[in-house]
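# Chain and residue survey
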Amino acid sequence: MASSGRDQSGRNTSSISDKIVQELDEAYKKHGIPGVLERVKGNLNEWKSVPLNIAITGNSGVGKSSYINALRGMTADDEGAAPVGVVETTAYPTGYPHPENESLLLWDLPGVGTPNFTRDSYLEKIRFRRYDFFLVFAASRFTENDMWLAQQIRQAGKHFYFIRTKIDLDISDNKKSHPRTHSRDQVLQTVRSDCMAQLQNEGFTNPEVFIISNFDVNEFDFRQLSERLIRDAPDIKREALTLSSTFLTERIIKAKERYLKKRIYIVSVASAAAAAVPIPGVGCSVDIAVLLEEALFYRKQLRLDKSSVEENATALNITVSKLQQKLNLQSQLISYTVKGLLAFFGSLGISSVAENVLKIALPLVGCLIAAGMSYRVQVYCLKKLLDTMINDALSIIAEMNNVFARNTMNVTEDIGEDLA
Ligand SMILES: Nc1nc2c(ncn2[C@@H]2O[C@H](COP(=O)(O)OP(=O)(O)O)[C@@H](O)[C@H]2O)c(=O)[nH]1
Ligand SMILES: [Mg+2]
């Protein structure tokens, strides 16, 4: 039987679900250890096969393609990027795969009312039913066609959000016209309340408006939009959306943590099953290759790999070593190699604490029960590793939030709850 427990918030933190135990059991009976490993791999990658389709629509020139490129970490100069220009470049719906997940498609759609996409054929032509979310873009006021589309989406009971782009231009224009009295927050507030008023006048009682600049992904509501989609996703899609997100907020990090924790038990079964390498001074073996792969996955998920940390340092306008010095990022002291990871695990002082700390019984067939000690130790090691990385990811986000003070207004306060 799978063991289960509850964390402080009373959520179920079951170590490994009965369904998975049963599947692994069957895989073992049929194909032995290789079967278990195969099944575990499949299970860990399941999120990548959940179809997710995000519609990005609005008039030409409002920044739809630029938003897609920004989400994919690209500029229009990169190969495979969505073409960007002031002329209408979106002649038909184009789905751009997310870099972390090919099943997540960002659809660059023509706006309603363009010659080939009139109101009466629009929904059919874009294959309306395909989408999980609709983002309706405007660079100034929302048009009649935008409102019409939003009403159709609302009637269909689907999620939609209004996105006001190019806030950077409003701010720089205001600075030029009001050199002495300019206030960035004031501009943001005015734009926000204008948008809200316009949409409320049109009968959208509680419109969800996100104000962004595609050139400043660390500022304004850019990340909060990703957060919001995760929150509103149905359960079966939320994990996929969370693990695909390359933009982090405190809540997104915590949501990732929950999903990454869930993987620990499954990974540990695989590693215990194929255990080969002893952890120095602990007296039990692990399949270090499996654990290293997982460590690299966490690191990427939490944007702690070398290039992401460099990106953050650049955004913060300091060097990587200054950032490291300031935040004392423990995850950056680990060397992500077989040797380095074993050294980190070896430094955790497991032998004395493992038995007390781990109250998880290894479910499963006889052969794996023999590896019970390995399983427990690995759960412990991976949890420590994940905790280290979560702390660092949170420190970086806190630093970003300090530097890029947002005008939050009422956008995120009302979210007020965990995402996962
Ligand atoms: N200043 C500024 N310009 C933007 C922003 N988003 C897009 N643009 C520019 O607006 C123009 C149209 O952008 P594009 O993404 O092609 O719009 P689309 O037609 O809706 O796909 C391009 O010149 C972009 O560089 C933004 O947030 N701020
Ligand atoms: Mg375009």
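Look above for the structure.
The following paragraphs examine the structure supplied in this document. All residue numbers refer to position in the chain's written sequence, counted from 1. Lettering for chains starts from A, numbering for ligands starts from 1, and both go in the order in which the items are written. The predicted nature of this model means local features are confined to residues of pLDDT at least 70 and side-chain atom pairs, given and counted, to a pLDDT of 80 or more, with totals for whole chains, interfaces and linings taken over all residues. Note that water and hydrogens are dropped before the side-chain values are worked out from all heavy atoms of the structure.

### Observations regarding the layout of surface pockets
Rule in force here: Only protein atoms enter the 1 Å grid used here. Points where a 1.4 Å probe fits but cannot escape make up a cavity, open sets with protein on both sides within 12 Å along at least five of seven lines make up a pocket, and a residue lines them when an atom lies within 4 Å of a point. Grid points are joined across faces, edges and corners, and a volume is the space filled by probe spheres set on the points. Only DSSP runs of H or I with at least four residues qualify as helices, and only runs of E with at least two residues qualify as strands; both kinds are numbered from the N terminus onward. Delimitation of the domains relies on an automatic or database domain assignment.
In this structure, the second largest pocket occupies an estimated 780 Å³ of space. Around the second largest pocket sit 33 residues that line it, and Ala-70, Gly-73, Val-217, Phe-247 and Glu-311 are the ones nearest its centre. At the level of secondary structure, the elements contributing two or more residues to the lining of the second largest pocket comprise α2 (64-71), α11 (306-316) and α16 (372-403). Broken down by element, the lining of the second largest pocket gets its largest block of residues, five residues, from α11. Each of domain 1 (18-44 + 248-403) and domain 2 (49-244) contributes no fewer than three residues to the lining of the second largest pocket.

### A look at empty space enclosed by the protein
As a reminder of what qualifies: Residues are grouped as follows: Ala, Val, Leu, Ile, Met, Phe, Trp, Tyr, Cys and Pro are nonpolar; Asp, Glu, Lys and Arg are charged; every other residue, Gly included, is polar.
With the rule as written, the count across this model stands at two cavities of 30 Å³ or more. When its volume is computed, the largest cavity comes out at roughly 170 Å³. Lining the largest cavity are 14 residues; nearest its centre among them are Leu-71, Leu-104, Ser-226, Leu-241 and Ser-245. Of all the secondary-structure elements, those providing two or more residues to the lining of the largest cavity are α2, β3 (101-108), α7 (222-232) and α8 (235-244). The dominant element in the lining of the largest cavity, judged by the number of residues it contributes, is α7, at three residues. Looking at the lining of the largest cavity residue by residue, the class counts come to nine nonpolar, five polar and no charged. A volume near 30 Å³ is recorded for the second largest cavity. Classifying every residue of the lining of the second largest cavity by side-chain character gives one nonpolar, three polar and four charged.

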